[in-house]
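Chain residues, written in single-letter form:
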Amino acid sequence: MSVSPVDGASLVPPELPVTVGAVNGALRSVTVRAQARGTPVEGVVSADRTQWRNKRTMAPGETYEVTVVAVGPSGATKKVTSRFSTVQATQRFTLNTIMPHRDLTGLTVGVGMPIMLNFDKPIADRVSVERNLLVQSSKPVEGAWHWFDDKTVAFRPREYWPAHTKVKLIAQLAGVHGGPGMYGDQDYVREFTIGRHQVSTADTTSHQMTVRQDDKVVRTIPLSAGRGGVTKYYTTNGVHLAMSREDVTTMTSPDAGPGSAGYYSLTVYDTVRISNSGEYIHGAPWSVGSQGNSNVSHGCINISPSNAEWFKETTLIGDPIVVTGSPRPLEPMNGWGHWQETWPQWLRWSGLRSGFTTEALAAHPADYTAAKVDETTKKEPS
């Protein structure tokens, strides 16, 4: 019988697998238990019951006891007990934010909504972290994680989410290696639902926005987009996502202060934000005469007050708004411009490349149970 790490081992990296093997016999039971916490470690056993290994990483700074009972060809049993301890963490990392979020986006979101995570410390071991970010969905989809920087990672499907899909993120980060001496502090779980399929297309040349729900046109809205002349006054071209919905928004010039040429401060109503560079779809009673025939804005998409109220109430956070006809492209990091990258471009910054989500609840019921307990007993990130 073999057990690894060996009895008495110390300073064991938490990410090192725990393995048990039986020679000329079969494993009857394997129990690995954290001494301080008293919690058992989940594992998987081979079909012939000769091999066992843990399903996830150990905790740093913990002592584990391994108890193995094996049975030989003659039916005789043998029991072996060993202990090992893991290295202490010099620092721990946590999640600052998880999106979607109940208060910021709601938990019913649009078909373009990515899962976005922000860590409190730079992650050096991206593959280790990414391997422990599990995405489950009621309708399996192909998707991948993408690192924008060493603190920010996002998941999106290859194509938009299917309508009415239930999605679950299980971030099994407790004990996960994030860098030299740094390990994850806890697990997280987030559940959300994809709503109906709505995609809006705003054509800056025809000056019309077409709103489709489940492939049916539900409204065509006259618009006035960015007037151009200089780059900053063009509406950015490409696939935007609805980032927020606001009843009232005060817009100020980003590059001019009070008293300077080009300064403005304007209160607008019924707004849907579509980028971080100050672009909204909003009610603009002053440009109704231009809506449907010319572009006169500083970059926002102007629509009538009645259409703006309808659009704000109809839109879910994460709904795609596709702008066409403008020479200024939306940058992938400008707001939630994640769909601006082609699938090969998206995969360039993925540690594990693409894969299919597993069916929610059915594939990892034990993992799901553990994550739910962690969420209810530990601090929830924003």
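Structure first, text after, so check above.
Residues numbered from 1 in each chain as written. Predicted model: local features only at pLDDT ≥ 70, side-chain atom pairs only at ≥ 80, totals over all residues. Heavy atoms only, no water.

Trainee: How should the packing of aromatic side chains be read in this particular structure?
Mentor: Counted according to the given criterion, the structure contains eight aromatic pairs. Note on F148 and W346: the rings are 5.8 Å apart at their centroids and 75° apart in plane angle, and the pair reads as edge-to-face. Linking F148 in strand β14 (residues 142–149) with W346 in helix α3 (residues 343–348), this pair joins segments that are 198 residues apart in sequence. A single burial state applies to F148 and to W346, both of which are buried. (Phe/Tyr/Trp six-rings, centres within 6.5 Å; stacked < 30°, edge-to-face > 60°. Helix = DSSP H or I, 4+ residues; strand = E, 2+ residues; numbered from the N terminus. Buried < 20%, exposed > 50% of the residue type's maximum accessible area, 1.4 Å probe, protein only.)

Trainee: Is there a simple way to think about the sheet that holds strand β1 (residues 2–4) in this case?
Mentor: Hydrogen bonds between backbone groups are what pair the strands of a sheet, and the pairing can be parallel or antiparallel. The antiparallel open sheet is built from four strands, whose spatial order is β1-β3-β6-β5. On the outer flanks of this sheet lie β1 and β5 (43–45), each paired with one strand and no other. In this sheet, adjacent strand axes meet at a mean angle of 10° when their direction is disregarded. (Pairing = 2+ DSSP bridges. Axes fitted to C-alpha atoms, helices over the stretch in contact; angles between N-to-C directions.)

Trainee: I would appreciate a short explanation of the pairing of strand β20 (residues 198–203) in the present structure.
Mentor: Regular strands have side chains that alternate between both faces of the sheet. Where β20 lies against strand β21 (residues 208–213), six bridges are found, and the strand directions are antiparallel. The partner of S200 across the bridge, within β21, is V211. Direction of pairing for β20 relative to strand β28 (residues 320–324): parallel, over a ladder of four bridges. Pairing of T201 across the sheet is with V322, part of β28.

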